[in-house]
Amino acid sequence: MALSPGGSRRIGGTVRFAVDGVVHTVAGHFKYNLGHPKMTSKTGPSGHRGYVEEPQIAFIEGELQDHSGLDLKTLVTQVEGTVTLMLGNGKSIMLHEAHFAATGDVETSEGKITGRFEGSSAEEMQ
């Protein structure tokens, strides 16, 4: 098993999130997809026949924290940006030509914004 920065075996935990270099405060869990094709097996009366390949969109989504310094309009109208998710295990996910692809709703009791950014491609960097 590869070790995280500092020699730990951390597999999750702390994340940092940035859009075009501007770091945003996170409020919850994140998930991502690199956008590789999805392969679905096909079967018939004679068994496995093969698979079909379908495209998937590359994305990063999660909960951001609203605060007085956050420009919500700039966030939710983002187009063709670079979104970066830095994970506690030492990996970074970079999403290219990304746009905001959620409703922009803000949950006021805890100031949470569910954000989803979709892009043309994503890459995983160690």
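To be clear, the structure that these remarks concern was listed above.
About the criteria used
- Residues numbered from 1 in each chain as written.
- Predicted model: local features only at pLDDT ≥ 70, side-chain atom pairs only at ≥ 80, totals over all residues.
- Heavy atoms only, no water.
- Salt bridge = Lys/Arg side-chain N within 4 Å of Asp/Glu carboxyl O.
- Helix = DSSP H or I, 4+ residues; strand = E, 2+ residues; numbered from the N terminus.
- Buried < 20%, exposed > 50% of the residue type's maximum accessible area, 1.4 Å probe, protein only.
- Core = buried A, V, L, I, M, F, W, Y, C linked by side-chain atoms within 4.5 Å.

K.L.:
I'd love a proper account of the pattern of salt bridges, names of residues and values included.
P.N.:
Within this structure, the stated rule accounts for six salt bridges. With its nearest N and O atoms 3.7 Å apart, the salt bridge here joins Glu63 to Lys112. Placement of the pair is Glu63 in strand 6 (residues 58-65) and Lys112 in strand 10 (residues 112-119), with a sequence separation of 49 residues. Its relative accessible area of 25% is what places Glu63 among the partly exposed residues. Overlapping salt bridges bring together Lys31, Glu61, Arg116 and Glu118 as one network.

K.L.:
Before we move on, can you summarise the nonpolar core with the specific residues and values?
P.N.:
Counting 18 residues, the largest nonpolar core has Phe17, Ile60, Val83, Leu85, Leu95 and Phe117 as its most contacted members. Of all the elements in the fold, those that place two or more residues in this core are strand 1 (15-19), strand 6, strand 7 (81-87), strand 8 (92-100) and strand 10.

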